[in-house]
Amino acid sequence: MRELPLQLLRGLRIPLRLKVGVLSASAIVLLTAAFLGAARSVFVPGPTSDGHHLFEASCASCHAPFRGSPRGKCASCHPPDRAPDTHAAGLFDDPRWAHTLEEIDAQECVACHGEHRHADGGVTVGPDFCMRCHDDVLEKRASHASFSRSSCGQAGCHNYHDNSALNVAFLTRHRDEPDRLPRPQVLERTVAPGKGSAEARFPPELAPGQGLVERWRGSAHAAAGVSCADCHERAGAGFVRAADDASCERCHAFEGATFRSGKHGVRRAAGLPDLSPAAARLPMKPDAPRRLGCGTCHEPHGVDTRRAAVEACLSCHDDEHSRSFLDSPHGATWRAAAPGSRPPASAVSCATCHLPRVEAGDTGDRRVAVNHHNTLTLARPDRMAKLVCMNCHGLPFALSSLLDERLVRASFRGRAARTSEAIAMVRALAREAGGREEDTR
Amino acid sequence: MRRKKIILGLGALLAGGACGRGSGSAGPTLSPETAADYVHAVIAADRATYAEEVVHRLQDVEKVIKSSEQFREEKGLPLPSQMLRMGAQRAAQKGGFRFALVSAWAINKANMPRTDFEKRGFAALSSAPDAPYRSYEEAGGKRYFMALYADKAVSQACVSCHNAHPQSPRRDFKLNDVMGGVIVALPLD
């Protein structure tokens, strides 16, 4: 039976050229349909990196037709940090460093961050890539003589791009800080000035339940004078029942823009349907919400950010670190905060570390806002340490803890197995300097 | 002796674009030696002014603000060497010429002499610090006119900081000592 179609074709005596033509045309139609439709991932030539896999169906996010992946495409999502880049592409235009381009083309992101193949922490050139240009370090610096060629970044001592938390001056300044600072506290969020009292006004045919109106009356929105129409009225459409995320961004532009920069919102930035937690590589709960937008974590009428800061996260994330949170020392500070009240500045939530409060806005509009780029502090332990941990902990404790993978998985229940190598080195440097001073007295 | 002429447009650039666009290749020219001297004169003047009138005055005399490598975190002033490098990076973004601060006693080892030109240049400056060391060089497939000028301790702030820094390889600097050199590299292609 299986051979019947072929027998039929043979019986019909179709010319070979026509058979090839029909098969080729069918293949082209199928591939075109797949490319234009939802099955574009069949064109992905290999495993996409952890940073990009959520929007791998958006080829145009990284590729330009017939031009590969131009550098500008990377920069459109990865603009230079405020911190100076130790190896900025422009540095290699300098004739002092031009020769190093023969070792590694450091002006092209893809020289180190290849895509669609196995990447170790996003890097595809091997862990000893520093040695291609700095091969004399182990020889010339006695302090580095015992190190392996691949330990520069892996030991948490150096960061190719951003060394703002790993340079000797910064490490020295913070090397003797205690585990816990005398006044641990995260930045206080800036509350927008109210624009007067607000009333619950809506078309009678769209009247909400009284419970919803009551929740709104007790919310920060009502306190700030944000009424129904501010969110539910849309230009050209009048009053609509379901306000969309664009209405949130009319006031929360920074939060919206940073949301699209992290994994939670990157699909939206790429023009794809919102993220479904099931698409994540991290373990997620089977009953996690099916799409991720503002309303997934924030109840728009109650505006209880306590829910958004912990409960919403734990309704999706099901890895060991997340499951351990509530029983961890950080979780204890959160549970100790009185229900229904604004948590004190010392209470630590998931959002404290993963959606950090930062100073945002221009000179005339400086304010503390929540950066919704959920992967910002995950890029490197030193970034998390500087941006978040050091609000409450000393740098030695923070760096050492973040570099201990077992401790991270356990949501920091326990202590780091060893002190960070970078901290140990600056302490040794200080001891040597002290010894020299003693000798000269 | 190989001599290259650089159009006066570079002079216009130094003067803040006062000559405007379209000076054209038929206009008057100026030697790369003179062009590099002009560039260095601006760098050296700004560097000395910043070290003396900003850092030394505000930090050491009036004691109102400190300069620090961590000037962002500590809300202080950039060190004079950082000021020069930040300026060099901004100038490089415009394309064209480059300048850099290099020293055999650099606190950051990346700023020690590394190319043949730099090693030859510092050897020459050690015997004749008041005359720049000049040479035509090739790097990364491009041709440059390069000049290395002695960088002297123009302010007590320079001396105090380098003599006190735990990673400084030399701690006996005095005012007006040569502490390093400023390289000006003019592309010829």
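The structure we're discussing is the one just above.
Residues numbered from 1 in each chain as written. Chains lettered and ligands numbered in written order. Predicted model: local features only at pLDDT ≥ 70, side-chain atom pairs only at ≥ 80, totals over all residues. Heavy atoms only, no water.

A. Spotlight on the overall build of chain B. Of regular secondary structure, chain B possesses 5 helices and 6 strands. Reading the helices (α) and strands (β) of chain B from amino to carboxyl end gives β-α-β-α-α-β-α-β-β-α-β. Nonlocal contacts in chain B, meaning residues at least 24 apart in sequence, comprise 58% of its contacts between residues at least 6 apart. For chain B, the accessible surface area stands at approximately 10200 Å², while carbon and sulfur atoms represent 54% of it. (Helix = DSSP H or I, 4+ residues; strand = E, 2+ residues; numbered from the N terminus. Contact = heavy atoms within 4.5 Å. Areas by Shrake-Rupley, 256 points an atom, 1.4 Å probe, with all protein chains shown as cover.)

B. The arrangement of unusual backbone geometry in detail. All names here are of chain B. Although it is not a glycine, Lys63 adopts a positive phi angle of roughly 55°. For Lys63, the location among the structural elements is in the loop between α2 (32-61) and α3 (80-93). According to the relative accessible area criterion, Lys63 is exposed, its value standing at 64%. Phi at Asn176 takes a positive value of approximately 75°, unusual for a residue other than glycine. Here Asn176 shows up in the loop between α5 (156-164) and β6 (178-187). Here Asn176 falls in the exposed class, since its relative accessible area comes to 54%. (Buried < 20%, exposed > 50% of the residue type's maximum accessible area, 1.4 Å probe, protein only.)

C. Just the sheet that holds strand β3 (residues 98-102) of chain B, in detail. Residues and elements named next belong to chain B. Here we have 4 strands laid out as an open sheet, ordered β3-β6-β5-β4, and antiparallel in their pairing. Of all the strands in the sheet, the pair left with one neighbour each is β3 and β4 (133-139). Strand-to-strand twist in this sheet, taken as the mean axis angle between neighbours without regard to direction, amounts to 25°. Pairing of β3 with β6, which is carried by 5 bridges, proceeds in the antiparallel orientation. Residue pairing across strands places Phe99 opposite Val184, the latter belonging to β6. Its contacts with the sheet put α3 on β3 and β6, and the angle it makes with β3 is roughly 160°. (Pairing = 2+ DSSP bridges. Axes fitted to C-alpha atoms, helices over the stretch in contact; angles between N-to-C directions.)

D. Molecular detail of helix α11 (residues 253-261) of chain A. Looking only at α11(A), the buried set comprises Glu255(A), Gly256(A), Thr258(A) and Phe259(A). The inward-facing, buried residues of α11(A) abut α10 (245-249), α12 (266-269) and β4 (367-370) of chain A.

E. Quick peek at the packing of α2(B) against α5(B). Residues and elements named next belong to chain B. α5 packs onto α2 with a crossing angle of 65° between their chain directions and a minimal axis gap of 9 Å. Contact with α2, carried on its side by Ala51, Val55, His56 and Asp60, involves Gln156, Ala157 and Cys158 of α5 and no other residues of that element. Classifying every residue of the contact of α2 with α5 by side-chain character gives 4 nonpolar, 2 polar and 1 charged. (Nonpolar A, V, L, I, M, F, W, Y, C, P; charged D, E, K, R; others polar.)

F. Spotlight on the packing of aromatic side chains. For the coordinates displayed, the defined rule picks out 5 aromatic pairs over all chains. On the numbers, 6.3 Å between centres and 25° between planes, the contact of Phe97(B) with Phe99(B) is stacked. In this pair, the class of Phe97(B) matches that of Phe99(B), namely buried. If you follow Arg306(A) out to its NZ or CZ, it ends over the ring of Trp334(A), 5.1 Å from the centre. The positively charged end of Arg170(B) is found above the aromatic ring belonging to Trp105(B), 4.7 Å away from the centroid. (Phe/Tyr/Trp six-rings, centres within 6.5 Å; stacked < 30°, edge-to-face > 60°. Lys NZ or Arg CZ within 6 Å of the ring centre and 35° of its normal.)

G. Region of interest: the interface of chain B and chain A. Listed by partner, the interface residues are 25 residues for chain B and 20 residues for chain A. Between chain B and chain A, a total of about 1800 Å² is buried, with carbon and sulfur atoms accounting for 51% of that surface. For the pair chain B and chain A, the number of links is 4 salt bridges. Its salt-bridge partner being Glu118(B), residue Arg96(A) comes within 2.5 Å of it at the nearest N-O pair. Across the chain B-chain A interface, the total number found is 6 residue pairs in polar contact (both at pLDDT 80 or more). Ranked by residues supplied to the side of chain B that touches chain A, first place goes to β3(B) with 3 residues. Per-class residue counts for the side of chain B that touches chain A are 11 nonpolar, 5 polar and 9 charged. (Buried area = accessible area lost by both parts, 1.4 Å probe. Salt bridge = Lys/Arg side-chain N within 4 Å of Asp/Glu carboxyl O. Polar contact = N/O pair within 3.5 Å; in protein donor to acceptor, adjacent residues only side chain to side chain.)

H. The arrangement of a negative patch on the surface in detail. A grouping of Glu102(A), Glu103(A), Asp135(A) and Glu139(A) is seen on the molecular surface, where their side chains present a negatively charged patch. Secondary-structure assignment places Glu102(A) in the loop between α3 (71-77) and α4 (137-140). (Patch = residues over 30% accessible without salt bridge, like charges linked within 9 Å, V, L, I, M, F, W, Y side chains within 5 Å. Lys, Arg positive; Asp, Glu negative; His and termini not counted. Charge placed at Lys NZ, Arg CZ, Asp CG, Glu CD.)

I. How the structure looks around the packing of α2(B) against α3(B). All names here are of chain B. Between α2 and α3, whose axes approach to 10 Å, the crossing angle comes to 140°. Comparing their axes, α3 and α2 come out oblique. Relative to α3, α2 is oriented so that their crossing is right-handed. Side by side, α2 and α3 meet where Ile43, Arg47, Tyr50, Ala51 and Val55 of the first sit next to Pro80, Ser81, Met83 and Leu84 of the second. (Parallel < 35°, antiparallel > 145°, perpendicular 65-115°, else oblique. Left-handed = near helix turned anticlockwise from the far one by under 90°.)

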